[in-house]
Amino acid sequence: MAHPIFTEEHDLIRAQLRRFVDERVKPHGPQWEEAGFVPRDVLAQMGELGFFGLRVPEALGGAGLDARASVVLAEEVGRSTHGGFAITVLVHTDMASPHLVRFGTKRQLEKYLPGIIAGKTITAVGVTEPGAGSDVAGIRTRAVRDGNHYVLNGAKMFITNGVHGDLYFIAAKTDPEAKGSRAITIFIVEKGMPGFKVGRALDKTGWRSSDTAELIFEDCRVPAENVLGEENRGFYSIMANFQTERLVIGAMAMAEAREAIRLTFDHVSQRIAFGKPLWDKQAIRQRLSRRLAEVEAARQLVHHTAWLDAQGTDCVAQVSMVKALAGDLVNEVLYDCVQFHGGMGFVRETPVERMSRDARVQAIGGGASEVMLEEIAKRFGAALAD
């Protein structure tokens, strides 16, 4: 269906992504779930097709598009029914590499960005720690200047692309005397740097086709030239990019919810119970209809918020609404979809069973729903203004 905020270019990207997902992802996704990661050749192929440079400025080799392109990407990888695949891609394109695109020096951009766009250098971002998730200012990883290097000590937790990634953007405190938000610096850390290792791969309930890790830094020496952006200003970079992160998670969640409803409609239209298809049961068709209405309304909020962002409008409140609403709604939708699949909804071979496990973290990762509601509350009056 045509949508006024999207252009013909967006439609072409969507069609190309949909073909890629149908041909390269859906047939092989179950194997990736078992392996615990998305094969690198698949990511490289996405890079070749231009999917990893949608938000990169044209002067740097990308397509120079805005938040609407991120939403198109998130929706199409979201409809794959493999949340692990989707988050592997979106962390690389919209959560990690934007730090380099926005704040990288000429040397840093020339060294790393071509591989990132090509899908040959996969990125991760390290902010979350065992004792600091949504509380970014509370991180404890330290970086101390030592000549032409910084020495990093600490740990990061729940890092997507952490096991098989190549390049990591790591947040660390560089001024122990300053307030938390004024003491954080981001560092570019390459896999293989002395003192940096993957502590362990994490065995998750869902998103099983994404590799997730604990990262350990023990006297890790990072060249001073690998400081990304201004020293002690990393907190503001993280906060700025959270807007994109939360928007694409919301877009992905609503695409997953929509696909789950479609799969469930197909199931209840064919499943015979008491002599008739389940769709003939008023309670079932009305519940699915209600859920579809809710998802379509939330999807329109996602699209509108992407349009606001593309216009340069301050939309922190709207992004927070997207994240809180979508993160909870996708779980409610998947609960019903599993229920209406009956026993098959509890069997691993059924997509909605996998999707129900994948959905749970979407009310947590990228900013828990409770944190998002507090962000809305801080801007309540402005959000109500016409």
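Here's a quick rundown of the structure.

Some thoughts on the overall build of the chain
Alright, step 1. Within the chain one finds twelve helices and ten strands.
Alright, step 2. In terms of C-alpha radius of gyration, the chain reaches 21 Å, essentially the compact-globule figure of 21 Å for 386 residues.
Alright, step 3. Counting only C-alpha atoms and orienting by the principal axes, one finds that the chain spans roughly 80 × 50 × 40 Å.
Alright, step 4. For the chain, with 386 residues in total, the buried portion stands at 55%.
Alright, step 5. For the chain, the proportion of contacts with a sequence separation of at least 24, taken over those separated by at least 6, is 74%.
Alright, step 6. Entry remark: accessible area of the chain is about 17200 Å², with carbon and sulfur atoms responsible for 53%.
Alright, step 7. With 46 positive and 49 negative side-chain charges, the chain shows a separation of 2 Å between the mean positions of the two kinds.

Quick notes on the pairing of strand β3 (residues 149–160)
Alright, step 1. By the bridge criterion, five bridges tie strand β2 (residues 142–146) to β3 in an arrangement that is antiparallel. The residue bridging D146 from the neighbouring strand is H149, located in β3.
Alright, step 2. Hairpin connection between β2 and β3: a loop of two residues separates the two successive antiparallel strands, and G147 in this loop has a positive phi of roughly 65 degrees.
Alright, step 3. As paired elements, β3 and strand β7 (residues 212–223) share nine bridges and run antiparallel to each other. Among the inter-strand pairings, H149 is bridged to a residue of β7, identified as P223.

Considering empty space enclosed by the protein
Alright, step 1. All told, the structure shown has two cavities of 30 Å³ or more when counted by the stated rule.
Alright, step 2. If you trace the largest cavity, you find it lined by F37, V38, R40, L43, T88, I122, N161, H164, G165 and D211.
Alright, step 3. If you add up the space inside the second largest cavity, you get close to 40 Å³.
Alright, step 4. Lining the second largest cavity, in full, are A67, Q243, T244, L247, T305, D309, C315 and V319.

A short note on the pattern of salt bridges
Alright, step 1. For the structure shown, the criterion picks out 28 salt bridges.
Alright, step 2. One salt bridge connects E76 with R18, and the closest N-O pair in it is separated by 2.9 Å. Taken together, the residues span a long stretch of sequence, with E76 in helix α4 (residues 67–78) and R18 in helix α1 (residues 8–25) at a distance of 58 residues.
Alright, step 3. Relative accessible area serves as the criterion here: at 1%, E76 is assigned to the buried category.
Alright, step 4. Overall, R18 belongs to the partly exposed group, its relative accessible area being 36%.
Alright, step 5. Close ionic contact of K111 with E190 constitutes a salt bridge, the shortest N to O distance being 3.2 Å. With K111 in helix α6 (residues 106–118) and E190 in strand β5 (residues 184–190), this residue pair connects regions lying 79 residues apart in the sequence.
Alright, step 6. Classification of E190 as partly exposed rests on a relative accessible area of 24%.
Alright, step 7. One network of salt bridges, with partners in common, ties together D22, K26, R79, E259, R262 and D266.

What counts, and at which threshold
Within each chain, residue numbers correspond to sequence positions counted from 1 in written order. Restriction of local features to residues with pLDDT of at least 70 applies here, the model being predicted, together with a cutoff of 80 or more for giving and counting side-chain atom pairs; totals for whole chains, interfaces and linings are based on all residues. Water and hydrogen atoms were dropped before computing side-chain values, which therefore reflect all heavy atoms in the structure. Strands are runs of DSSP state E lasting at least 2 residues, helices are runs of H or I lasting at least 4, and numbering of each runs from the N terminus. Each radius of gyration is computed over the set of C-alpha atoms, and the globule rule expresses the reference value as 2.2 Å times the number of residues to the power 0.38. Accessibility here uses a 1.4 Å probe with only protein chains present; expressed as a share of the type maximum, an area under 20% marks a residue as buried, one over 50% as exposed, and anything in between as partly exposed. Contacts are assigned to residue pairs that have any heavy atoms within 4.5 Å of one another. Only the protein chains shown count as covering a residue, and every accessible area follows the Shrake-Rupley method with a 1.4 Å probe. Counted charges follow a simple rule, with Lys and Arg positive, Asp and Glu negative, and His plus the chain ends left uncounted. Charged side chains are reduced to one point each, which is NZ for Lys, CZ for Arg, CG for Asp and CD for Glu. For two strands to be treated as a pair, DSSP must find at least two bridges joining them. For cavity detection a 1 Å grid was placed over the protein atoms alone, and a set of points counts as a cavity when a 1.4 Å probe fits there but cannot get out; an open set counts as a pocket when protein lies on both sides within 12 Å along at least five of seven lines, with lining residues being those that have an atom within 4 Å of a point. Grid points are joined across faces, edges and corners, and a volume is the space filled by probe spheres set on the points. For salt bridges, the criterion is a side-chain nitrogen of Lys or Arg within 4 Å of an Asp or Glu carboxyl oxygen.

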